[in-house]
4 protein chains.
Amino acid sequence: MIHTEDLRVNWIDTDASGRIHYTAALRYFEVAEHGLMRKLFDGGGDPSSRSFGLPRVHVEADYAAALTYPDEFACSARVTAVGRTSVTYGFEARRRSNGEVCLTGKIVAVAVGPDGASMPLPPEFRDVLERASEV
Amino acid sequence: MIHTEDLRVNWIDTDASGRIHYTAALRYFEVAEHGLMRKLFDGGGDPSSRSFGLPRVHVEADYAAALTYPDEFACSARVTAVGRTSVTYGFEARRRSNGEVCLTGKIVAVAVGPDGASMPLPPEFRDVLERASEV
Amino acid sequence: MIHTEDLRVNWIDTDASGRIHYTAALRYFEVAEHGLMRKLFDGGGDPSSRSFGLPRVHVEADYAAALTYPDEFACSARVTAVGRTSVTYGFEARRRSNGEVCLTGKIVAVAVGPDGASMPLPPEFRDVLERASEV
Amino acid sequence: MIHTEDLRVNWIDTDASGRIHYTAALRYFEVAEHGLMRKLFDGGGDPSSRSFGLPRVHVEADYAAALTYPDEFACSARVTAVGRTSVTYGFEARRRSNGEVCLTGKIVAVAVGPDGASMPLPPEFRDVLERASEV
């Protein structure tokens, strides 16, 4: 299951090179990830509504082609792996005008309890993620 | 009493115009404001350590001259007015190389209780701000 | 003429207070302003495609009610005044769920030539803005 | 050769989780990288002063421990590898109070010519990076 957001490069996303600043990619990934979570869970897009934390522990981004203002692009997110305590998301951003893949990425998040220690993903939460990763 | 932070334009602060993005000014003001609060209060720079909220209700910024990467500048903050429920800060950013005033600004923050309604500034908190506004 | 963008509070827009960071308001205003400019001008939304600069010289924002993740809201922009060298935009953000006005704001931008000095708005550019301010 | 910047978590770096937003790590890395480049090159910290571009093509970050406002930390950058067309930087952020490594990261940047195609690093530029990677 893939969730896609239709986004546009905003002026604030650029830097003096004329391209997007490299942190913009991670903003786009997050918008797609949260859209995916809202689709999978009732209220699941709101991290503060969960009984456990799900902080990112690893992130990667590859910049294949430059996005510039005011490019329109599709940013997709999907669940690529579910572990005992972690979930991995995969991302891709394609420019609308020519279908070119401009960004790809990966985020790993780990469930943590109120004490900040990692904990197993709650079974019902994990089940939803696993089903999402299979379709 | 004026608190000054020595700052530099970071690459991320720029946009495709080659100058800083206009939101960067507000980031600089906040750094100076928080530095001032840390100087005035034990732990006062940490909004989450207070028993009341102090959200901004009004902000203004004037852009007198362009800051560009990697300009060094001094950003100062001071308390300019203290009301029953509010505090007003004033800001100024001067480029190091020539002393030019590049940014000025103003932020008004209002004390709010746990219910989100505005409330009088706690007397001891207000006293410190008033003394700071007089020197 | 009013241009409205349907936006959502993104996670990155929040800070440790649980509300949006105050700079998020200015990001929202810019998205609405650029949407308005794209509607008014062919390619006008792209600042780098113009023969003159239009940097902001003054910005104001008022925070009437807290936006929190994942609020949906409508952010509108319109031209409120056109001067010899400047244009003033007005902004408003209303929460979708209850129509509450959460943010209002104002941005003044000034035309500048390649030398960085202010210059009169080009007549054809100014005409479009004036017509937009009247409807 | 390692360049270290003394930084502080700013309020804007946080999100509603109470920790830093994951993009803040990449802002810190960039500050350290640019500080390193200013040390290595006359004016080298200014990407717009170079005759070639050096966009990032890959970035990774690992979040080992949570940074929260107003933590002070040391963020270091060094050159870890120099290729024909690319340079790789390594990063680490350690909390001042306890020396704990909170963030590690890696950025790969590639030289590109005015046409946007990758090109060999100019020899004198590459030499400086190679010497920096050896000490």
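## Quick notes on the overall build of chain A
When helices and strands are tallied, chain A shows two helices and five strands. What you see in chain A, going N to C, is helices and strands ordered as β-α-β-β-β-β-α. Counting only C-alpha atoms, chain A reaches 45 × 30 × 25 Å along its principal axes. Per-residue burial over chain A gives 57% buried out of 135 residues.

## Remarks on the sheet that holds strand E5 (residues 101–110) of chain D
Across the sheet, which stays open at both edges, the 10 strands sit in the order E1(A)-E3(A)-E4(A)-E5(A)-E2(A)-E2(D)-E5(D)-E4(D)-E3(D)-E1(D) with antiparallel pairing between neighbours. Looking at strand neighbours, the two that pair on one side only are strand E1 (3–8) of chain A together with strand E1 (3–8) of chain D, the edges of this open sheet. Each adjacent strand pair in this sheet contributes to an overall mean axis angle of 15°, direction not counted. Relative to strand E5 (residues 101–110) of chain A, strand E4 (residues 86–95) of chain A is paired through nine bridges, and the arrangement is antiparallel. When the bridges of E5(A) are listed, Ser86(A) appears paired with Val110(A). Each of strand E3 (72–82) and E4 of chain A touches helix H2 (residues 123–134) of chain A; the most contacted strand, E3(A), lies at about 120° to it.

## Things to note about the interface of chain D and chain B
Listed per partner, the contact involves 15 residues of chain D and 15 residues of chain B. Summed over both partners, the interface of chain D with chain B comes to about 1400 Å²; 59% of that surface belongs to carbon and sulfur atoms. Inspection of the region where chain D meets chain B yields zero salt bridges. Counting across the interface, chain D meets chain B through six residue pairs in polar contact (both at pLDDT 80 or more). The leading source of residues in the side of chain D that touches chain B is helix H1 (residues 22–40) of chain D, at five residues. Here the side of chain D that touches chain B is composed, by residue class, of six nonpolar, four polar and five charged.

## Things to note about the relation of the copies chain D and chain B
Overlay of chain D on chain B (RMSD 0.0 Å): rotation 180°, translation along the axis 0.0 Å. Overall, the copies show the geometry of a two-fold rotation axis. Judged by C-alpha distance, Leu7(D) is the residue of chain D that lies nearest the rotation axis, at 5.6 Å. Taken as a fraction of all interface residues of chain D, those also at the interface in chain B reach 100%, which identifies the copy contact as same-surface.

## Regarding the sheet that holds strand E1 (residues 3–8) of chain C
The sheet built from 10 strands is open, its strands ordered E1(B)-E3(B)-E4(B)-E5(B)-E2(B)-E2(C)-E5(C)-E4(C)-E3(C)-E1(C) with antiparallel pairing. Of all strands in the sheet, those with a lone pairing partner are strand E1 (3–8) of chain B together with E1 of chain C, marking the two edges. Across the sheet, the mean angle from the axis of one strand to that of its neighbour is 15°, orientation sign disregarded. Together, E1, strand E2 (56–63), strand E3 (72–82), strand E4 (86–95) and strand E5 (101–110) of chain B together with strand E2 (56–63) and strand E5 (101–110) of chain C form the strand contacts of helix H1 (residues 22–40) of chain B, whose direction differs from that of E3(B) by roughly 65°.

## Overview of the state of the cysteines
As used here, a disulfide is simply a covalent bond connecting the sulfur atoms of two cysteines. Overall, the coordinates contain zero disulfides over all chains when judged by the stated rule. Lacking any disulfide linkage, Cys75(A) is separated from the closest cysteine sulfur, that of Cys102(A), by 11 Å.

## Describing the relation of the copies chain D and chain A
Overlaying chain D with chain A gives an RMSD of 0.0 Å, the required rotation being 180° about an axis along which the chain moves by 0.0 Å. Comparing contact sets, 100% of the residues at the interface of chain D also lie at the interface in chain A, consistent with an isologous, same-surface contact.

## Regarding the pattern of salt bridges
Residues and elements named next belong to chain D. Considering all chains together, one arrives at 36 salt bridges over all chains under this definition. Between arginine 96 and aspartate 6 there is a salt bridge; the shortest N-O distance is 2.0 Å. Within this pair, whereas arginine 96 is found in the loop between strand E4 (86–95) and E5, its partner aspartate 6 is found in strand E1, the two being separated by 90 residues in sequence. Under the relative-accessibility criterion, aspartate 6 is labelled exposed at 57%.

## Here we look at the side chain of Asp13(C)
With respect to the helices, strands and loops of the structure, Asp13(C) is situated in the loop between E1 and helix H1 (22–40). What makes Asp13(C) buried here is its relative accessible area of 3%.

## So, the confidence of the model for chain A
This prediction gives chain A a mean pLDDT of 95; 99% of its residues lie at or above 70. Predicted complex metrics record ipTM = 0.94 and pTM = 0.96.

## Details of helix H2 (residues 123–134) of chain C
With 12 residues, H2(C) should reach 16 Å at 1.5 Å per residue; the first-to-last C-alpha distance of 16 Å fits that figure. Against the buried residues of H2(C) lie H1, strand E3 (72–82) and strand E4 (86–95) of chain C.

## What about the packing of aromatic side chains?
Evaluation of the coordinates by the stated rule reveals 24 aromatic pairs over all chains. Each ring, one from Tyr28(B) and one from Phe73(B), has its centre 4.6 Å from the other, and the planes form 55°; the classification is tilted. Of the two residues, Tyr28(B) is situated in helix H1 and Phe73(B) in strand E3; the sequence distance between them amounts to 45 residues. Judged by its relative accessible area of 5%, Tyr28(B) is buried. Given the relative accessible area of 0%, Phe73(B) is considered buried. Ring geometry for Tyr89(C) versus Phe91(C): centroids 6.4 Å apart, planes at 40°, classification tilted. Using a relative accessible area of 5% as the deciding quantity, one classes Phe91(C) as buried.

## Remarks on the interface of chain D and chain A
Accessible area lost upon the coming together of the parts serves often as the stated size of an interface. Contact with chain D, which involves 18 residues of that partner, is made by 18 residues of chain A. Interface area, chain D with chain A, both sides summed: about 1700 Å², of which 56% is carbon and sulfur. If you look at where chain D meets chain A, you find 12 residue pairs in polar contact (both at pLDDT 80 or more). Counting residues per element, the ones that place at least two in the side of chain D that touches chain A are H1 and strand E2 (56–63) of chain D. At eight residues, E2(D) tops the list of elements feeding residues into the side of chain D that touches chain A. Residues of the side of chain D that touches chain A, tallied by class, amount to nine nonpolar, three polar and six charged. Note: strand E2 (residues 56–63) of chain A against E2(D), five bridges, orientation antiparallel. Counted as the bridge partner of His58(A) is Asp62(D) from E2(D).

Cut-offs and rules
Residues numbered from 1 in each chain as written. Chains lettered and ligands numbered in written order. Predicted model: local features only at pLDDT ≥ 70, side-chain atom pairs only at ≥ 80, totals over all residues. Heavy atoms only, no water. Helix = DSSP H or I, 4+ residues; strand = E, 2+ residues; numbered from the N terminus. Buried < 20%, exposed > 50% of the residue type's maximum accessible area, 1.4 Å probe, protein only. Pairing = 2+ DSSP bridges. Axes fitted to C-alpha atoms, helices over the stretch in contact; angles between N-to-C directions. Contact = heavy atoms within 4.5 Å. Buried area = accessible area lost by both parts, 1.4 Å probe. Salt bridge = Lys/Arg side-chain N within 4 Å of Asp/Glu carboxyl O. Polar contact = N/O pair within 3.5 Å; in protein donor to acceptor, adjacent residues only side chain to side chain. Nonpolar A, V, L, I, M, F, W, Y, C, P; charged D, E, K, R; others polar. Least-squares fit on C-alpha atoms with pLDDT ≥ 70 in both. Disulfide = S-S within 2.5 Å. pLDDT = per-residue confidence, 0-100. Expected span 1.5 Å × (residues − 1). Phe/Tyr/Trp six-rings, centres within 6.5 Å; stacked < 30°, edge-to-face > 60°.

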